[in-house]
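Observations on the model geometry
Chain by chain, the residues run as shown.
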Amino acid sequence: MSHSLQKFFSAVDQAITTLEQDRPGDQVGLIASAQDGIIRVVGLPGVRLGDVLRLEESGAEAVVLQVERQSCLAVVLHSTEAVREGLAVTSTKKILSLSVGEALLGRVIDPLGTPQDGKAAPTSGERMPLEAVAPDVMSRITVSEPLQTGILAIDSLIPIGRGQRELIIGDRQTGKTTVAIDTILNQKGQDMVCIYVAIGQREAKTAQVVRTLTEHDAMSYTIVVNASASMPSVLQYLAPYAGAAIGEYFMRQGKHALVIFDDLSKHAVAYREISLLLRKPPGREAYPGDVFYLHSRLLERAAKLKPELGGGSLTALPIIETLAGDVSAYIPTNVISITDGQIFLDATLFNRGIRPAINIGISVSRVGGAAQTKLMKKVSGTTKLELAQYYELAAFSQFTSDLDPATRQQLTRGERVVESLKQKPQAPYPLWQQSVVLFAASQGLFDGWKREEVAMQLPDRLALFEEKFSALVDELRDGQDWSDKIRSSLEKAVNKIFTPTSHASTS
């Protein structure tokens with residue numbers, strides 16, 4: 001060690017000794033440097049990653065993100081104007097946590113639990129650490145209970161189960177947030193607590209989400225964690241862990257929670273910014289080497305617990321934004337490998353008016369039929385195969401006009417199935433409506449309709465179905481029963497309601 005460095009640390013030790021004599025029992029350090037919200041602290045032996053430090057005079061707090069041989073690097077959580085070299089720093093000997101409880105329902109908070117909605121801070125709650133170890137294998141059970149999104153294309157073809165991690169991926173402006181918000185709206189009355197985590201979003205977009213949830217009476221079971229683009233990068237980095245901590249609290253109470261991370265692309269960018277300031281070696285696309293661990297330790301916290309542990313669940317729907325549909329980029333491939341499947345939203349389909357613009361060929365759920373009700377399994381059995389065959393035939397038919405009648409019929413059927421899967425935003429289908437639409441499509445009852453009539457007439461026909469066959473609707477609501485009697489009744493009902501009227505002809 002050079003003479004000048006020895007002299008520096010000698011002066012630091014002397015200053016720390018003086019401070020500790022003034023504060024018996026406290027470990028006191030000094031800020032050796034402060035730049036871009038990053039402080040280097042010396043004189044805190046035994047400090048750990050994730051520890052919260054308190055800065056004297058300014059009253060601000062910092063969280064330790066890197067520990068070195070004779071110092072540690074921490075990121076300041078609050079305003080950095082009063083932070084300067086030479087300030088005393090004490091360790092709280094606590095890790096970062098926030099207060100969680102039923103009082104948070106309907107609230108908008110930042111990742112540290114500070115209210116963002118102008119209301120008073122909740123007065124009670126349990127402290128939950130932002131970083132926590134994921135439940136081990138022996139604490140989990142197989143995902144088997146469906147999480148109904150209300151989106152026909154997802155519930156029938158890419159089913160999501162409670163405790164699953166399903167990625168929503170696609171280019172910007174393809175409806176990723178809309179799918180997530182519609183899923184929250186469909187949880188009304190489903191005994192589900194929803195947490196929406198906005199990471200690096202515009203304040204206007206988050207305000208619009210809150211307005212939509214309020215208008216549909218969904219804020220009563222929803223908590224919004226907001227780390228907007230105007231907030232420091234450290235809060236954007238902490239936001240998803242705060243959302244997971246809130247979800248874990250309800251999971252441990254034996255309840256079911258759904259957390260949406262919108263989006264993890266911006267989360268990775270915030271972490272890259274912090275890592276570069278911490279002088280971590282950059283790797284691919286300038287991300288640090290531990291960027292995979294960044295998301296794996298977050299998403300592994302989603303689980304379905306054993307009944308003896310309460311039977312609660314935490315379902316994660318992370319969102320990733322791609323550039324020009326490139327799912328092979330660094331962050332998308334990382335998150336795809338962590339999750340249990342992905343819902344891919346295609347800009348081409350979106351621009352063709354197919355919304356939600358779900359690409360059935362790339363999208364997959366690794367839980368599959370295990371997360372579907374008996375009714376949904378039966379009525380959606382061949383739909384995915386028919387769609388795959390239709391898209392293949394549609395691509396082939398562009399190069400020829402000489403098609404045999406069987407091929408034309410198959411193209412017509414595929415077109416009508418695609419039309420029946422179209423759905424307006426903020427209009428989720430209950431399970432019985434999904435089953436009726438799929439069964440009618442599989443029976444070929446839409447084949448005689450004009451293509452543009454399918455999406456237009458479905459709401460009115462479903463309302464008529466509920467009016468005329470209310471007893472059958474009651475049998476279909478929970479989707480747990482399927483018998484020859486139900487099939488026969490359903491077949492008669494859909495034939496009566498969905499048979500083309502005299503003015504409807506094949507387009």
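What comes next concerns the included structure. (Residues numbered from 1 in each chain as written. Predicted model: local features only at pLDDT ≥ 70, side-chain atom pairs only at ≥ 80, totals over all residues. Heavy atoms only, no water.)

1. Section: the overall build of the chain
In terms of regular secondary structure, the chain is built from 16 helices and 17 strands. The C-alpha extent of the chain, read off along each of the three principal axes, is 95 × 50 × 40 Å. The buried share among the 507 residues of the chain stands at 53%. Within the chain, residue pairs in contact and separated by at least 24 positions form 73% of the contacts whose partners lie at least 6 positions apart. Looking at the chain as shown, the accessible area adds up to about 22,700 Å², and 51% of this sits on carbon and sulfur atoms. The centroid of the 53 positive side-chain charges in the chain is displaced by 2 Å from the centroid of its 57 negative side-chain charges. (Helix = DSSP H or I, 4+ residues; strand = E, 2+ residues; numbered from the N terminus. Buried < 20%, exposed > 50% of the residue type's maximum accessible area, 1.4 Å probe, protein only. Contact = heavy atoms within 4.5 Å. Areas by Shrake-Rupley, 256 points an atom, 1.4 Å probe, with all protein chains shown as cover. Lys, Arg positive; Asp, Glu negative; His and termini not counted. Charge placed at Lys NZ, Arg CZ, Asp CG, Glu CD.)

2. Re the side chain of T174
Topologically, T174 is positioned in the loop between β10 (167–171) and α3 (176–185). Engagement of the side chain of T174 in a polar contact is seen with the backbone oxygen of D171, the distance being 2.6 Å. Not counting residues within four places of it along the chain, the set of residues in contact with T174 comprises L345, D346, A347 and F350. (Polar contact = N/O pair within 3.5 Å; in protein donor to acceptor, adjacent residues only side chain to side chain.)

3. Digging into the pattern of salt bridges
All chains considered together, the criterion is met by 22 salt bridges. The partner of E131 in a salt bridge is R297, with the nearest N and O atoms 2.9 Å apart. In this pair, E131 is assigned in the loop between β9 (126–129) and α2 (152–157) and R297 in helix α7 (residues 291–299), connecting sequence segments 166 residues apart. R297 sits in the buried class, given a relative accessible area of 16%. Notably, a salt bridge pairs R165 with D340, separated by 2.8 Å at the nearest N-O pair. (Salt bridge = Lys/Arg side-chain N within 4 Å of Asp/Glu carboxyl O.)

4. What to know about unusual backbone geometry
Here the bond from D262 into D263 is cis, since omega is -5 degrees, no more than 30 degrees from zero. By the element assignment, D263 lies in the loop between β13 (256–262) and α6 (264–277). A cis geometry characterises the amide bond from R355 onward to P356, with omega recorded as 5 degrees. Assignment of secondary structure puts P356 in the loop between α9 (347–351) and β17 (364–365). The residue Q173 is not glycine, and still its phi comes out positive at about 60 degrees. Residue Q173 is classed as exposed on the basis of its relative accessible area, which comes to 59%.

5. Examining the packing of helix α14 (residues 451–468) against helix α16 (residues 484–498)
Two elements in contact, α14 and α16, have axes whose closest approach is 10 Å; the angle formed by their N-to-C orientations is 130 degrees. If you check the angle between α14 and α16, you find them oblique. With respect to the hand of their crossing, α14 and α16 are arranged in right-handed fashion. Contact with α14, carried on its side by L458, R461, L462, L464, F465 and K468, involves L490, A493, V494, I497 and F498 of α16 and no other residues of that element. In the contact of α14 with α16, the residues fall into 9 nonpolar, no polar and 2 charged. (Axes fitted to C-alpha atoms, helices over the stretch in contact; angles between N-to-C directions. Parallel < 35°, antiparallel > 145°, perpendicular 65-115°, else oblique. Left-handed = near helix turned anticlockwise from the far one by under 90°. Nonpolar A, V, L, I, M, F, W, Y, C, P; charged D, E, K, R; others polar.)

6. Notes on the packing of α7 against helix α8 (residues 330–338)
With their axes 10 Å apart at the nearest point, α7 and α8 run at an angle of 35 degrees to one another. Remark: the crossing between α7 and α8 carries right-handed chirality. The residues of α8 that touch α7, namely those facing V291, F292, H295, S296 and L299, are Y330, I331, N334, V335, S337 and I338. The residue makeup of the contact of α7 with α8, split by class, is 7 nonpolar, 4 polar and no charged.

7. Section: the pairing of strand β4 (residues 61–67)
For β4, the tally of buried residues reaches 5 of 7 residues, placing the bulk of the element in the interior. Pairing analysis gives 3 bridges linking strand β3 (residues 51–55) to β4, with the strands arranged antiparallel. From the neighbouring strand, L53 faces β4, where its bridge partner is A62. Taking the residues that link successive antiparallel strands as the turn, the β3-β4 hairpin has 5 residues, and the phi of E57 there is positive, at about 70 degrees. Relative to strand β5 (residues 71–76), β4 is paired through 5 bridges, and the arrangement is antiparallel. By the bridge assignment, A62 is partnered in β5 with V76. Taken together, β4 and the strand that follows it, β5, pair antiparallel across an intervening segment of 3 residues. (Pairing = 2+ DSSP bridges.)

8. Brief notes about α6
For α6, spanning 14 residues, the distance from its first C-alpha to its last is 20 Å, which sits close to the expected 20 Å at 1.5 Å a residue. Looking at α6, one finds that the buried residues are L264, S265, H267, A268, A270, Y271, I274 and S275. Sitting at the amino-terminal end of α6 is D263, which places a side-chain oxygen 2.9 Å from the backbone nitrogen of S265. R279, located one to two residues past α6, shows a positive phi value of around 65 degrees. (Expected span 1.5 Å × (residues − 1).)

9. Topic: the side chain of D263
Overall, the relative accessible area of 2% leaves D263 in the buried class. At a separation of 2.9 Å, a polar atom in the side chain of D263 contacts the main-chain amide nitrogen of S265. Contact partners of D263, with chain neighbours within four places excluded, come to I199, Q201, I319, I320 and E321.

Take it as geometry only, folks, not as evidence of what the structure does.
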